[in-house]
Amino acid sequence: MRGEYQQLVDEISAALGAPATLEDRDFGLIAFGAHGGDDDLELTMDPVRTRSILQRRSTAAVRAWFEAFGIARAQAPLRIPPDPAAGVFKGRICLPVRHGGVVHGYVWLLDDGHLSELDLAEPFADPRLAHAMETAARIGALLAAEARSGAELGELLRELLTARPAAREAAAGVLREALGAAADGPLAVVAVTPWRAGDGVAGNEPPGTEGAGSALAAQSGVAALCAVPEALPDGSAALAALVRLRAASSPAPALTAADRLLRSPRAGLPAGQPATPAAGIGTPRRGLAELPEAWAEALSAARAAAAEPRLGPVAQWADIGPYRVLTGLPAGRAADPAVAPLLASAYAELSRTAEVYLDCAGQAGRAAAALGIHRQTLYYRLGRVEQLTGLDLDEGEDRLLLHMTLKAARLRRP
């Protein structure tokens, strides 16, 4: 189906004599077409278009500028002026890609003035524009078909990961039939947290697509996508992605999928709410039977990646160390009473010192270097930690209690 999109985009480029780019509803690149020769290179390689092609996604500033013109509700072509502040140095004509009353994507045409004669008020009066809009409608039908197929697979994946055992077994049977040979693995489950599901424009959200974009899914090797409500301890939703692997020992496709999904505007919480998007990858499995366990691992890895900057933004279950245990503890569990005083904001420097010291296996030289302080300063701070907690840092069990409590506190931070 990728080839069909490319052919249709090339058709629009040829009809209007301008470079065209096709993006899904979340501004993920699907296909692009060039037009003309070397003389048109400067127009063809507009900075926004170049970024979209190389990184397969537009920036938040570019998306905000385009969406301000009502493209998500548009039923006819729109002319969008440049905005250097957002990095948009050349104007655009946007052809909304619609099907069944829903916008599934956009065709963008670069316009440095040579398309100024097009009358967008009566798009079907100009045969060139009419042909381009008819082609965009054909693209819309293809994207809608992908969205429907993706929604069905997503519902099955959600059932498999979260439903009761009997429903899981039924979902696995249908999903196995739909995926064919790919269902026998190897497969990886990716969790993206938090995920804003269903916050699109009212009436403009194909059901079950989760806003991730079918094109993005296909390009990332994702077999199925679904949003899982209340997947995190704070009640936030997460995105689950089932990724086909070439080999169980090679997680590269899952890492690529996680990276691309993290770039979605749905990853994270709305502006002003503190939540760093992160992704986790469970241990690869063969077949579908153990995917619920892989989902639990992926969620734990995503939580660890968000809590511990050195692990993120994408973490694998095998690499998260003590968080494999800590993420399994009951949500809302209070900190150990001995360590709780150290977690107050007034003692942030002391708690950080203790954590680094314990991360360095109690080696004072390494810890002082990591903190950028003198050894005597380190010893002074550790003495204060012992006074506050009543713990003895020469005792292994006290060290373990302090270390695990400090790590667990990271998981509770917003």
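Residues numbered from 1 in each chain as written. Predicted model: local features only at pLDDT ≥ 70, side-chain atom pairs only at ≥ 80, totals over all residues. Heavy atoms only, no water.

A. Here's a closer look at the confidence of the model for the protein. On average, residues of the protein score 85 in pLDDT, and 86% of them reach the 70 mark or higher. Every residue in residues 37–44 is under pLDDT 50, and counting partners more than four places away or in other chains gives 12 contacts. Confidence drops under pLDDT 50 across residues 199–209; counting only partners more than four residues distant or on other chains, this segment forms 23 contacts. (pLDDT = per-residue confidence, 0-100. Contact = heavy atoms within 4.5 Å.)

B. Examining unusual backbone geometry more closely. For the bond from T193 to P194, the omega torsion is -20 degrees, close enough to zero to count as cis. Within the secondary structure, P194 sits in the loop between strand 6 (187–193) and helix 7 (214–219). With phi around 65 degrees, F27 is a residue other than glycine that occupies positive phi space. Locating F27 in the fold gives a position in the loop between strand 1 (20–24) and strand 2 (29–33). Residue classification places F27 among the buried positions, given a relative accessible area of 1%. The phi dihedral of E230 falls on the positive side, at around 50 degrees, and the residue is not glycine. Summarising the element assignment, E230 is placed in the loop between strand 7 (222–228) and strand 8 (238–244). (Helix = DSSP H or I, 4+ residues; strand = E, 2+ residues; numbered from the N terminus. Buried < 20%, exposed > 50% of the residue type's maximum accessible area, 1.4 Å probe, protein only.)

C. Examining the packing of helix 11 (residues 348–359) against helix 12 (residues 364–371) more closely. Closest axis-to-axis distance for the helix 11/helix 12 pair is 8 Å, and the angle between their directions is 130 degrees. With respect to each other, helix 11 and helix 12 are oriented oblique. Crossing of helix 11 over helix 12 shows right-handed handedness. In this structure, helix 11 uses R352, T353, V356, Y357 and D359 to contact helix 12, whose residues at the interface are A364, R366, A367, A370 and L371. Grouping the amino acids of the contact of helix 11 with helix 12 by side-chain chemistry returns 6 nonpolar, 1 polar and 3 charged. (Axes fitted to C-alpha atoms, helices over the stretch in contact; angles between N-to-C directions. Parallel < 35°, antiparallel > 145°, perpendicular 65-115°, else oblique. Left-handed = near helix turned anticlockwise from the far one by under 90°. Nonpolar A, V, L, I, M, F, W, Y, C, P; charged D, E, K, R; others polar.)

D. Structural view of the sheet that holds strand 7. One open sheet accounts for 5 strands, arranged 7-8-6-9-10; its pairing is mixed. Each end of this open sheet is capped by a strand with a single partner; those strands are strand 7 and strand 10 (314–316). Here the strands of the sheet are splayed against their neighbours by 20 degrees on average, with no regard to which way each runs. Bridge analysis of strand 6 against strand 8 gives 6 bridges, and the strand direction is antiparallel. (Pairing = 2+ DSSP bridges.)

E. How the structure looks around the pattern of salt bridges. Inspection of every chain in the model, using the stated rule, returns 13 salt bridges. Salt-bridge contacts for D126 lead to R128; the nearest nitrogen and oxygen are separated by 3.0 Å. Linking K407 and D359 is a salt bridge whose minimum nitrogen-to-oxygen distance equals 3.2 Å. Linking K407 in helix 14 (residues 396–412) with D359 in helix 11, this pair joins segments that are 48 residues apart in sequence. When its relative accessible area of 2% is taken as the criterion, K407 is described as buried. (Salt bridge = Lys/Arg side-chain N within 4 Å of Asp/Glu carboxyl O.)

F. Focus on the sheet that holds strand 2. Pairing in this open sheet of 5 strands is antiparallel, and the strands run 2-1-5-4-3 from one edge to the other. With partners counted over all chains shown, the strands left at the sheet margins are strand 2 and strand 3 (78–80), one partner each. Within this sheet the neighbouring strands show an average axis-to-axis angle of 25 degrees, counted without direction. As defined by bridge partners, strand 3 adjoins strand 4 (residues 91–99) across 3 bridges and the pair is classed as antiparallel. Among the inter-strand pairings, R79 is bridged to a residue of strand 4, identified as I93. Docked against the sheet, helix 5 (residues 127–162) engages strand 1, strand 2, strand 4 and strand 5 (102–111), running at close to 50 degrees with respect to strand 4.

G. Structural view of the packing of aromatic side chains. All told, the structure shown has 5 aromatic pairs when counted by the stated rule. Taking 5.1 Å as the distance between ring centres and 80 degrees as the angle between the ring planes, the aromatic pair formed by W65 and F69 counts as edge-to-face. On the basis of relative accessibility, which here comes to 23%, the residue W65 falls in the partly exposed class. Among the aromatic side chains, those forming a connected cluster through ring pairs are F27, F66, Y106 and W108. (Phe/Tyr/Trp six-rings, centres within 6.5 Å; stacked < 30°, edge-to-face > 60°.)

H. Seen up close, helix 14. Taking 1.5 Å per residue, 17 residues should reach 24 Å; helix 14 reaches 25 Å between its end C-alpha atoms and fits that length. For helix 14, the complete set of buried residues consists of L402, H403, T405, L406, K407, A408, A409, R410 and L411. Buried residues in helix 14 make contact with helix 9 (291–307), helix 10 (323–326), helix 11 and helix 13 (375–389). (Expected span 1.5 Å × (residues − 1).)

I. Quick look at the nonpolar core. By size, the foremost hydrophobic cluster in this structure holds 28 residues, and its most contacted members are L175, L242, L288, L291 and W295. Counting only elements with at least two residues in this core, the list comes to helix 5, helix 6 (165–179), strand 6, strand 7, strand 8 and helix 9. At 6 residues, the largest contribution of residues to this core is made by helix 9. Apart from residues no more than four positions distant in its own chain, L288 is found in contact with L160, A172, L175, R176, A183 and L187. Membership of the second largest hydrophobic core comes to 25 residues, among which are V107, L109, L118 and L143. (Core = buried A, V, L, I, M, F, W, Y, C linked by side-chain atoms within 4.5 Å.)

J. A look at the pairing of strand 8. The buried count for strand 8 comes to 6 of 7 residues, which makes it a mostly enclosed element. Of the pairings in the sheet, the one linking strand 7 to strand 8 comprises 6 bridges and is antiparallel in character. What sits directly across from L225, in strand 8, is A241.

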